[in-house]
Amino acid sequence: MKTNDTYIQSLFAERLGGRMFGKDTKIYKFEKIKRAKRAALAANPGAELIDLGVGEPDEMAFPGVVQALQRAAEIGKEAGLHYVYAGNLPGMVGEYEDTFCPQCNYRLIERSGYTIHAYHITGEGTCPKCSTKIPGLWPKDPSTVELNGRGMPLPVRFR
Ligand SMILES: [Zn+2]
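How each quantity is defined
Residues numbered from 1 in each chain as written. Predicted model: local features only at pLDDT ≥ 70, side-chain atom pairs only at ≥ 80, totals over all residues. Helix = DSSP H or I, 4+ residues; strand = E, 2+ residues; numbered from the N terminus. Buried ≥ 20, exposed ≤ 12 C-beta atoms within 10 Å, placed from the backbone. Contact = placed C-beta atoms within 7 Å. pLDDT = per-residue confidence, 0-100. Pairing = 2+ DSSP bridges. Expected span 1.5 Å × (residues − 1).

S.K.: Tell me about the overall build of the protein chain, residues and numbers included.
M.R.: A count of helices and strands for the protein chain gives three helices and three strands. Considering the protein chain as a whole, with its 159 residues, one finds that 6% of them fall into the buried category. Counted over contacts in the protein chain with a minimum sequence separation of 6, partners at least 24 positions apart contribute 31%.

See the structure below:
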């Protein structure tokens with residue numbers, strides 16, 4: 001690891017595939033998935049691949065995994081952390097897929113996986129109930145948020 005890596009970059013790298021992600025020739029999870037898709041299409045010309053999401057597991061998580069993630073999220077919330085999530089288990093972790101206002105606990109975004117079912121952040125990026133500023137990049141026009149769609153994250157670019 002280079003010493004000038006930021007803390008967040010390090011955390012992100014750990015999540016994606018390790019501290020050397022993108023810095024060496026080893027291939028990681030997403031590249032392996034891409035290669036497996038290419039190989040499957042080459043072996044089965046004309047077949048339609050159903051993409052269940054990049055890197056999402058095809059099988060349901062074991063109940064113990066779900067319980068452990070929920071408990072970890074509860075511990076974080078009880079400790080006073082804001083924006084606590086238990087992810088990659090769409091529909092299995094209750095409110096821990098949703099975004100809540102840290103001030104008044106209003107449910108700002110209701111999700112299942114990447115699919116948004118309800119969106120209530122204002123065009124100014126605030127809670128509609130108490131006007132608390134919600135950190136993040138939010139659409140200026142909340143009506144443009146696609147509800148109940150396929151749900152894929154938008155690419156984020158830094159200026
Ligand atoms: Zn609020």
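S.K.: Could you give me a rundown of the confidence of the model for the protein chain, with the residues and numbers involved?
M.R.: Scored by pLDDT, the protein chain comes out at a mean of 81, with 74% of its residues at no less than 70. Highest mean pLDDT in the protein chain belongs to strand β1 (residues 99-100) (96); lowest belongs to helix α1 (residues 7-16) (68).

S.K.: Summarise the pairing of strand β3 (residues 115-119); cite the residues concerned and give the values.
M.R.: Judged from the four bridges that link them, strand β2 (residues 107-112) and β3 form a sheet pairing that is antiparallel. Considered in β3, the bridge of I109 is made with Y119. Connecting the antiparallel pair β2 and β3 is a turn made up of two residues, with G113 showing a positive phi of about 60°.

S.K.: Account for unusual backbone geometry, with residues named and values stated.
M.R.: Non-glycine residue N105 carries a positive phi angle of around 65°. For N105, the location among the structural elements is in the loop between β1 and β2. Residue N105 is classed as exposed on the basis of its 11 C-beta neighbours within 10 Å. Positive phi is not limited to glycine here, since S131 has a value of about 65°. When you line up the elements, S131 lands in the segment after β3. Overall, the presence of 12 C-beta atoms within 10 Å leaves S131 in the exposed class.

S.K.: A description of the sheet that holds β1 should follow, citing residues and the corresponding values.
M.R.: Pairing is antiparallel in the open sheet, where three strands are placed in the order β1-β2-β3. Each edge of the open sheet is held by one strand with a lone partner, namely β1 and β3. By the bridge criterion, two bridges tie β1 to β2 in an arrangement that is antiparallel. The residue of β2 that forms the bridge with F100 is R107.

S.K.: Any details on helix α3 (residues 63-78)? Residues and values, ideally.
M.R.: Taking 1.5 Å as the rise per residue, α3 with 16 residues should run 22 Å; its terminal C-alpha atoms sit 22 Å apart, in good agreement. At the C-terminal side of α3, G80 shows a positive phi close to 95°.

S.K.: Tell me about the environment of A86, and name the residues and values.
M.R.: By the secondary structure assignment, A86 is in the loop between α3 and β1. What makes A86 buried here is the crowd of 20 C-beta atoms within 10 Å. Sequence separation of A86 and A73 is 13 residues, and the distance between their C-alpha atoms is 6.1 Å. Once you skip the residues sitting within four places of it in the chain, A86 turns out to touch L69, Q70, A72, A73, V93 and Y96.

S.K.: Can you tell me about the environment of C130, naming the residues and giving the values?
M.R.: Here C130 is to be found in the segment after β3. C130 gets classed as exposed once you count the C-beta atoms within 10 Å, which come to 12. In this structure, the C-alpha to C-alpha distance between C130 and N105, residues 25 residues apart in sequence, is 9.7 Å. With residues up to four places along the chain from it excluded, the contact list for C130 reads C101, Q103 and C104.

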